[in-house]
Amino acid sequence: MALTVGSITSSKGVPKSVAQITKDASEYEFDAIVPLKYYLRTANAMVRQAQVYMREGDDEMTFFLLFRHAHLCLSHLATHPQYKQQDPEMIKALEREVSQNLKAMELLKARINRRYEEYAKVSQTRETRRQEDAEKRRASQGPVYLSHDQDQRISQPPQIRGQEHSKLAARLAGQEFARRAPNRRSYPTGLSQPDERDDLAARMQAIRTHVEPKERDSTAETNQQRQANLLDNAGYSYPTVPIQRPIKAQSHPPEAIASRPLYVAEREQPPVLPPKPVQSSRASTLPPRPEKQASPAVPSNTPSEPAYTFAPGAYLENGTPLRTIFLPPTLRTTFLRLAHKNTTKNLETCGFLAGTLRANALFVSALVVPKQTATSDTCEMTDESELFDYVDQHELMVLGWIHTHPTQTCFMSSRDLHTHSGYQMMLTESIAIVCAPSKGDTSRGGDWGVYRLTDPPGKMAILQCDKPGIFHPHDVDNIYTDAMRPGHVMEIGQMDFEIVDLR
C-alpha cells in the first residue's frame, strides 16, 4: 500500500485492538525516489486529520494516523537522500512533534484496548447464548441479540451515503464555513511576527513549506546525533543508509512505537458557531494569521461523537476506500470568470481547492488562486510556500487543484499528471479539475472533468517517471480515471466557499 493519508476510513463496525491498528498503519511503501517535500507534507496532513478525528471521538482513526506519522518519521525520513540537506531547526521541530504525538497515543491506546476488550466480552456472551439456543433446539425462536445497553457500549455512529443525504452534507458544510468566518479578514501577505518564529508551530511551518535543500550549519549538532539522542531514550536504532527503491515500512516493530510512554497537554475547546455569513463573490486578500493555540489534546473522558459519518464514496483500484469530497457547484464557473482574462490570451490559469474534514468527508470551502506564470500549455506557481502558508494558518487542507486548457480539449496532459501525483500522494482523495472553456457547450463553461490517478498503476508510474519534456508518453495504460462520474466527488447545492486571489 502506498504511503498516503486516507488509507483507511474511520473506525466503524468491529472494533480493532491496538495491535491490529499498528499492523495496518505500518504497512505502506516508502520510495526514496519521491521528493522529500511530499513526504513532509504528507506527514503534516496526517497530524491535521488526526486532530479532526480526535475531536469527533474516532480513537481508532486518530491512533492510526498518529502511529503512521511516527512510523514514517522514525523509520524512514532519515534514509531519504534529501533529509541531510534540511534545516537543522526543521528537523528538531519534526522530532519534537513526533515525541508529542507519541504521548497522545498512550492515552488513546488505553481507550482503544478497553473498548476492544468490551467488544470481545460481549461477543463471547452472544456466542454462548447462541450455543445454548442450539442445544435447547428452540427452532421457533429467532437468533439471540444483544440488549440495547450492550449494543450501546460498542456501537459506532451510523455511516450514511453522500448521494442519499446531500442536504445533511450541505448543512454540515454551512456549519463549518460559518465556524471559520472570524478568520476571514484581510492582512498583508508574506509577513510573520518575530515572536512566531520561536514557537513550535512556526518551526513546524518550515516542515510544511520550506522543504527545499539548504546548506547545513557546520557548527550545528549533526542530524544523526540528534536523532540518536531522541531514539536512544526509547531503545531505537535509527537507519542511516539511504534507500533508493520501494521498501515495505517495517524497519521498527509496530509494538515498539505503540508502547512508548506518552504525554499530552490540555484539550483546546471548540469555538462557538457564529452566524453564517452571506457568501461574497468578491476575491479576498489573505486574512491575518490566527493567534497561536495549543494543540488539542486527548480528552480524559470519551468525547461526544458525531451523530453520523459519511461512508466511503469510492475505492482505489487496490481497494483503499476514498472519502467523499463535496464540491460547490458554482466553484468551476467562478474560477472560469477569474481565468477569463488569461483564457482570451490563450494562457492557462490554475487554482487550488482547499477545505476541511468533517464526519469522515472532505468539504471544499476555498478557491485559492496563487501567483503564477503561464503559457498556452503550462501554468506554474511562482510562490508555492505562500499557498501552503495560507492553508496551514487557516487549518485547511489542499484537496486538489483546478486549471484551464484555453484551446485544448479536456484531458490530463503528462505535465498535469506529474503535477497531480504530488498532491495525490499527500492526500489519497486529491483531485484535478480540468476546464476546456472553448470545447463543448461554451454557454455553460465548456467541457470539464474531475480526475485522479489510478493506484495502481498510475500514481507510482508517474512518481517514478523521469522523462523530460512538457509532453511525453508513458508506458502504462490506465494512468488516470474519472473521479466524479462515478467516483468519490459530489457536487451539492448551497455550499458556500471563499475566493482567495493571491495574484
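That block above? That's the structure.
It should be emphasised that the depicted structure is a prediction, and the values quoted were computed from it without experimental measurement.

Below, the discussion takes up the overall build of the chain. Assigned secondary structure in the chain consists of 13 helices and 17 strands. A burial count over the chain gives 52% of its 503 residues as buried. In the chain, once contacts between residues fewer than 6 apart in sequence are set aside, the share between residues at least 24 apart is 82%. Surface accessibility of the chain: about 22,800 Å² in total, with carbon and sulfur atoms responsible for 50%.

If you walk through the whole model with that rule in mind, you get 20 salt bridges. A salt bridge links aspartate 24 to lysine 16; its shortest N-O distance comes to 2.9 Å. By relative accessible area, lysine 16 is classed as partly exposed at 31%. Two residues, glutamate 384 and arginine 41, come together in a salt bridge whose shortest N-O distance is 3.3 Å. Remark: arginine 41 occurs in helix α2 (residues 36–55) and glutamate 384 occurs in helix α11 (residues 384–393); sequence separation between them is 343 residues. In this structure glutamate 384 comes out as partly exposed when scored by relative accessible area, which is 23%. One continuous salt-bridge network, built from bridges that share partners, spans Glu56, Glu176, Arg179 and Arg358.

Time to look at the nonpolar core. Within the largest apolar cluster, 66 residues are counted, with the highest numbers of intra-cluster contacts made by Leu77, Leu353 and Ile433. Considering each element in turn, this core owes the most residues, ten residues, to helix α3 (residues 59–75). Of all hydrophobic cores here, the second largest spans 28 residues; its members include Ala354, Leu396, Met412 and Leu502.

By the definition in use, this model includes eight aromatic pairs. Centre to centre, the rings of phenylalanine 310 and phenylalanine 363 are 6.4 Å apart; their planes meet at 70°, and the pair counts as edge-to-face. Of the two residues, phenylalanine 310 is situated in strand β4 (residues 309–310) and phenylalanine 363 in strand β9 (residues 361–369); the sequence distance between them amounts to 53 residues. On the accessibility criterion, phenylalanine 363 (2% relative accessible area) is buried. An aromatic cluster of three or more residues is present, and its members are Tyr308, Phe310, Phe326 and Phe363. Arginine 41 extends its terminal NZ or CZ atom over the ring of phenylalanine 388, reaching a point 3.9 Å from the ring centre. A cation over an aromatic ring shows up here: arginine 485 above the ring of tryptophan 448, its NZ or CZ 5.4 Å from the ring centre.

For the rest of this paragraph, the subject is the packing of helix α1 (residues 18–25) against α3. Viewed as axis vectors pointing N to C, α1 and α3 meet at an angle of 45°, and their least axial separation amounts to 9 Å. Comparing their axes, α3 and α1 come out oblique. Judged by the sense of rotation from one axis to the other, the crossing of α1 with α3 is right-handed. Contacts from Val18, Ile21, Thr22, Asp24 and Ala25 of α1 reach α3 at Glu60, Phe63, Phe64, Phe67 and Arg68.

This part takes up the packing of α1 against helix α4 (residues 88–136). Remark: α1 packs on α4, axes separated minimally by 9 Å, with the N-to-C direction vectors making an angle of 120°. When the interaxial angle is binned, α1 and α4 end up oblique. In this structure, α1 contributes Val18, Gln20 and Ile21 to the contact, and α4 contributes Lys109, Ile112, Asn113 and Tyr116. Looking at the contact of α1 with α4 residue by residue, the classes come out as four nonpolar, two polar and one charged.

What counts, and at which threshold
Counting of residues starts from 1 at the beginning of each chain's written sequence and follows it residue by residue. In view of the model being predicted, local features appear only for residues whose pLDDT reaches at least 70, and side-chain atom pairs are presented and counted only at 80 or more, with totals across whole chains, interfaces and linings using the full set of residues. With hydrogens and water excluded, all non-hydrogen atoms of the structure serve as input to the side-chain values. A helix here means a DSSP run of H or I that spans at least four residues, while a strand means a run of E at least two residues long, and both kinds are numbered starting from the N terminus. Only protein chains enter the accessibility calculation, which uses a 1.4 Å probe. A residue is then buried if its area is under 20% of the maximum for its type, exposed if over 50%, and partly exposed in between. The criterion used for residue contact is that any of the two residues' heavy atoms lie within 4.5 Å. Under the convention used here, a 1.4 Å probe and the Shrake-Rupley method define accessible areas, while residue burial counts only the protein chains that appear. What counts as a salt bridge is simple: a side-chain nitrogen of Lys or Arg found within 4 Å of a carboxyl oxygen of Asp or Glu. By convention a nonpolar core is built from buried Ala, Val, Leu, Ile, Met, Phe, Trp, Tyr and Cys residues, the set being connected through side-chain atoms within 4.5 Å. Two rings from Phe, Tyr or Trp (for Trp, the six-membered ring) form a pair when their centres sit within 6.5 Å of each other. Planes less than 30 degrees apart are called stacked, planes more than 60 degrees apart edge-to-face, and all others tilted. By definition, being over a ring means that NZ of Lys or CZ of Arg is both within 6 Å of the ring centre and within 35 degrees of the ring normal. The axes are straight lines fitted to the C-alpha atoms, using for helices just the contacting stretch, and the angles between their N-to-C directions are given from 0 to 180°. Roughly parallel here means an angle under 35 degrees, roughly antiparallel means over 145, roughly perpendicular means 65 to 115, and every remaining angle is called oblique. It is the rotation of the near helix from the far one that decides the hand of a crossing: anticlockwise by less than a right angle makes it left-handed, clockwise makes it right-handed. When residues are sorted by character, Ala, Val, Leu, Ile, Met, Phe, Trp, Tyr, Cys and Pro go into the nonpolar class, Asp, Glu, Lys and Arg into the charged class, and all the rest, Gly among them, into the polar class.

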